[in-house]
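A look at the structure
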Amino acid sequence: MKHIMSFIFLRNFYHLRNCLLIGANSRLLRIHSNRCIVFPLRTYSNVTRRLPLRSITPHIINLQFNISIASKEPKISYQYSDPIKLYQAQKERDTIDQPATILVLDLGTTGLNSKTDKITEIAIRDVQGGMDSKFYTLVNPEVTLKNHKRNELHTESGVPRMEEAIPRLLKWVESRQINGKPVILVAHNGHCFDFPFLVRAFHEYGYQIHENWLFLDSLHLARQVLHDNGTKLKRGNHKLKDLVKFFNIVVEASAQKAMVDVNALCAVLQQMTFVSKLTSADLIERAYTASRYSTRRSSE
DNA sequence: TGCCAGGCCCTCTTTAGGGCCTT
């Protein structure tokens, strides 16, 4: 009986969200005792999603969504939605059993070669949001950059070198970790770009990637789930910008370039997990450990 | 705009070639 009620609850939930066209702010669903708990992937992101004018109905307004008319198309911010308040209230009471911390990552580098190029920028965001949910730092690559202005920016006093940035990164990730449960680092094309850079940098300065750290490539995920779901994207249209456009997401500008992409990927990840009905457990199953890169490195 | 590296995927072919995707 409990399962039947949960099924009906879920069906009604999806139906409600589909009707309102606001399915972005609550993604990870799980049955908790006899209740359906809504897990938002993000709470304080500045990302908004464009909605067609006809979708603004009294129902949405009555639900107290934050609507701003900034241009021809109204925008709906998700940060004041009820599921989020529910999540925050539950989190404060520490009653939600989250299987993992999901962190969206983007790196800036001096080039594309993880063996020879250096990291210049690290941006990470905890999709659950809350206080101190963002980590951002420039990194002094200790090499001369081609762009003179960028070179000055990255070599200013106070910009940490990678060996100084790693301990800060570790401390921040640890602060986001929930009782030693896994951390899933998500990056677009991370398997071929961000993750090899990160793992190599850790090894270079004598740090080990913790076994609880898992890696998930959102490019690979997008190519899989957007096909499985029937909402096919044409081959060659899985760039982050393409996904932002596909999901009709508006990303606010920021001086921190990598953080702009992180914000965008947070929203894209929400959409993908929603349309594909993926849970945290599903993401864990699709993720892999750093040993995948360590093996590659040792075989060189 | 294209180059850079490299893993994955698709297509066309059976072992190879080319495009995608990231800074």
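The structure we're discussing is the one just above.
The structure presented is a predicted model; accordingly, all values stated were derived computationally and were not measured.

Looking at the sheet that holds strand β6 (residues 101–109)
With respect to topology, five strands assemble into an open sheet ordered β8-β7-β6-β9-β10, the strand pairing being mixed. One side of each edge strand has no neighbouring strand; the edge strands of this open sheet are β8 (134–138) and β10 (213–217). Pairwise comparison of adjacent strand axes, ignoring direction, gives a mean angle of 25 degrees for this sheet. Of the pairings in the sheet, the one linking β6 to strand β9 (residues 183–187) comprises four bridges and is parallel in character. Its bridge partner lying in β9, isoleucine 102 is registered against isoleucine 184. Of the strands in this sheet, β6, β7 (119–126), β8, β9 and β10 are in contact with helix α5 (residues 162–176), which crosses β7 at around 5 degrees.

Remarks on the packing of aromatic side chains
Enumeration over the complete set of coordinates arrives at nine aromatic pairs. Residues tyrosine 288 and tyrosine 293 carry aromatic rings whose centres are separated by 6.1 Å and whose planes lie at 55 degrees to one another, so their mutual orientation is tilted. Residue classification places tyrosine 288 among the buried residues on the basis of a relative accessible area of 13%. Joined through ring pairs, the aromatic side chains of Phe195, Phe215, Tyr288 and Tyr293 make up one cluster.

Remarks on the layout of surface pockets
Counted as a void, the largest pocket has a volume near 740 Å³. Asp106, Leu107, Leu240, Lys257 and Asp261 are the residues nearest the centre of the largest pocket, which is lined by 33 residues in total. Ranked by residues supplied to the lining of the largest pocket, first place goes to helix α9 (residues 257–275) with seven residues. A class-by-class count of the residues in the lining of the largest pocket yields 17 nonpolar, eight polar and eight charged.

Concerning the protein's contact with DNA strand B
Taken together, 25 residues lie near DNA strand B, and Lys115, His220, Gly236, His238 and Leu240 sit nearest. Take the atoms of DNA strand B that sit within 4 Å of the protein: sugar and phosphate atoms are 67% of them. With respect to DNA strand B, the side chain of arginine 223 contributes an N or O atom lying 3.3 Å from a sugar or linking oxygen. Elements represented by at least two residues in the surface near DNA strand B include exactly β6, α7 (218–228) and α11 (291–298). Here the element with the most residues in the surface near DNA strand B is β6; it accounts for four residues. Across the surface near DNA strand B, the residue classes break down as six nonpolar, 11 polar and eight charged.

With respect to unusual backbone geometry
At asparagine 189, a position not held by glycine, the phi torsion is positive, near 65 degrees. Relative to the helices and strands, asparagine 189 resides in the loop between β9 and α6 (194–204). Looking at asparagine 189, the relative accessible area reads 30%, which means it is partly exposed. You will see that lysine 277, though not glycine, has its phi angle at about 55 degrees, which is positive. Position of lysine 277 among the secondary structure elements: in the loop between α9 and α10 (280–286). Given a relative accessible area of 49%, lysine 277 falls into the partly exposed group.

About the thresholds
Residues numbered from 1 in each chain as written. Chains lettered and ligands numbered in written order. Predicted model: local features only at pLDDT ≥ 70, side-chain atom pairs only at ≥ 80, totals over all residues. Heavy atoms only, no water. Pairing = 2+ DSSP bridges. Helix = DSSP H or I, 4+ residues; strand = E, 2+ residues; numbered from the N terminus. Axes fitted to C-alpha atoms, helices over the stretch in contact; angles between N-to-C directions. Contact = heavy atoms within 4.5 Å. Phe/Tyr/Trp six-rings, centres within 6.5 Å; stacked < 30°, edge-to-face > 60°. Buried < 20%, exposed > 50% of the residue type's maximum accessible area, 1.4 Å probe, protein only. 1 Å grid on protein atoms, 1.4 Å probe; cavity = no way out; pocket = protein on both sides within 12 Å on 5 of 7 lines; lining within 4 Å. Points joined across faces, edges and corners; volume = space filled by probe spheres on them. Nonpolar A, V, L, I, M, F, W, Y, C, P; charged D, E, K, R; others polar. Near = heavy atom within 4 Å. Polar contact = N/O pair within 3.5 Å; in protein donor to acceptor, adjacent residues only side chain to side chain.

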